[in-house]
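Remarks on the overall topology
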Amino acid sequence: VQLVESGGGLAQPGGSLRLSCAASGIISSINAMGWYRQAPGKQRELVATITTVTSGANTNYADSVKGRFTISRDSAKNTLYLQMNSLKPEDTAVYYCNAALRTTYGTSMNAWGQGTQVTVSS
């Protein structure tokens, strides 16, 4: 199983970036996906998650990004997105994609991407 993030880079305060995470490999189903971030000298923290439920999907956001970031998922493409608007310097971090999934062998797996750097600076 592989998670590959893209879309990071440099943005000015108040600007926007869109992160993508493509999941591939021996995936049977994905129960939940999420974005986490880790700033220098800090612990990795949750940014947003999206969980598949019978009626659709449930989303959850860290208080620090509510109203600015939007998580979404294209289930057909096994791709996760994070639209980041009104970026602030404190959003600077390495952003990691995470997936709680079931493999084609029937085993459960918690997979991580390699991370993509987001830098917000003028």
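Attention here is on the structure that accompanies the text. (Residues numbered from 1 in each chain as written. Predicted model: local features only at pLDDT ≥ 70, side-chain atom pairs only at ≥ 80, totals over all residues. Heavy atoms only, no water.)

1. So, the pairing of strand β3 (residues 17-24)
Bridge analysis of strand β1 (residues 2-6) against β3 gives five bridges, and the strand direction is antiparallel. Following the sheet pairing, Val4 is matched in β3 by Ala22. Across six bridges, the pairing between β3 and strand β8 (residues 79-84) is antiparallel. Each bridged residue has a counterpart across the sheet, and for Ser20 the counterpart in β8 is Tyr81. (Pairing = 2+ DSSP bridges. Helix = DSSP H or I, 4+ residues; strand = E, 2+ residues; numbered from the N terminus.)

2. Let's talk about the nonpolar core
Judged by nonpolar contacts, the single largest core of 31 residues is most densely connected at Trp35, Leu82, Met84 and Tyr95. Broken down by secondary-structure element, the contributors of at least two residues to this core are β3, β4 (27-38), β5 (45-53), β7 (69-74), β8, β9 (93-103) and β11 (116-120). Apart from residues lying up to four places away in sequence, Tyr95 is in contact with Glu5, Leu19, Trp35, Tyr36, Arg37, Val47, Phe69, Leu82, Met84, Gly115, Thr116 and Val118. (Core = buried A, V, L, I, M, F, W, Y, C linked by side-chain atoms within 4.5 Å. Buried < 20%, exposed > 50% of the residue type's maximum accessible area, 1.4 Å probe, protein only. Contact = heavy atoms within 4.5 Å.)

3. Quick notes on the sheet that holds β7
Here we have four strands laid out as an open sheet, ordered β1-β3-β8-β7, and antiparallel in their pairing. Edge positions in the open sheet fall to β1 and β7, since each of these has one partner strand only. For this sheet the average axis-to-axis angle between neighbouring strands, irrespective of direction, equals 15 degrees. (Axes fitted to C-alpha atoms, helices over the stretch in contact; angles between N-to-C directions.)

4. Side note on the state of the cysteines
The tally for this structure, following the rule as stated, stands at one disulfide. Across the disulfide from Cys21 sits Cys97; the S-S distance is 2.1 Å. Because the torsion about its S-S bond is -80 degrees, the bridge between Cys21 and Cys97 counts as left-handed. Of this pair, Cys21 sits in strand β3 while Cys97 sits in strand β9; the two residues are 76 residues apart in sequence, bridging distant segments of the chain. Of the two residues examined, Cys21 and Cys97, each falls in the buried class. (Disulfide = S-S within 2.5 Å.)

5. A short note on the pattern of salt bridges
In the structure shown here, the tally under the stated rule is four salt bridges. Notably, a salt bridge pairs Glu45 with Arg37, separated by 2.7 Å at the nearest N-O pair. Judged by relative accessible area, which is 37%, Glu45 ranks as partly exposed. Among the charged side chains, a salt-bridge network with shared partners connects Arg37, Glu45, Arg68 and Asp91. (Salt bridge = Lys/Arg side-chain N within 4 Å of Asp/Glu carboxyl O.)

6. A closer look at the environment of Gln2
With respect to the helices and strands, the residue Gln2 is situated in strand β1. Of the residues examined, Gln2 reaches a relative accessible area of 48% and is grouped as partly exposed. Taking the C-alpha atoms as reference, Gln2 lies 9.0 Å from Ile26; in sequence the two are 24 residues apart. Other than its neighbours up to four places away in sequence, Gln2 contacts Ala22, Ala23 and Ser24.

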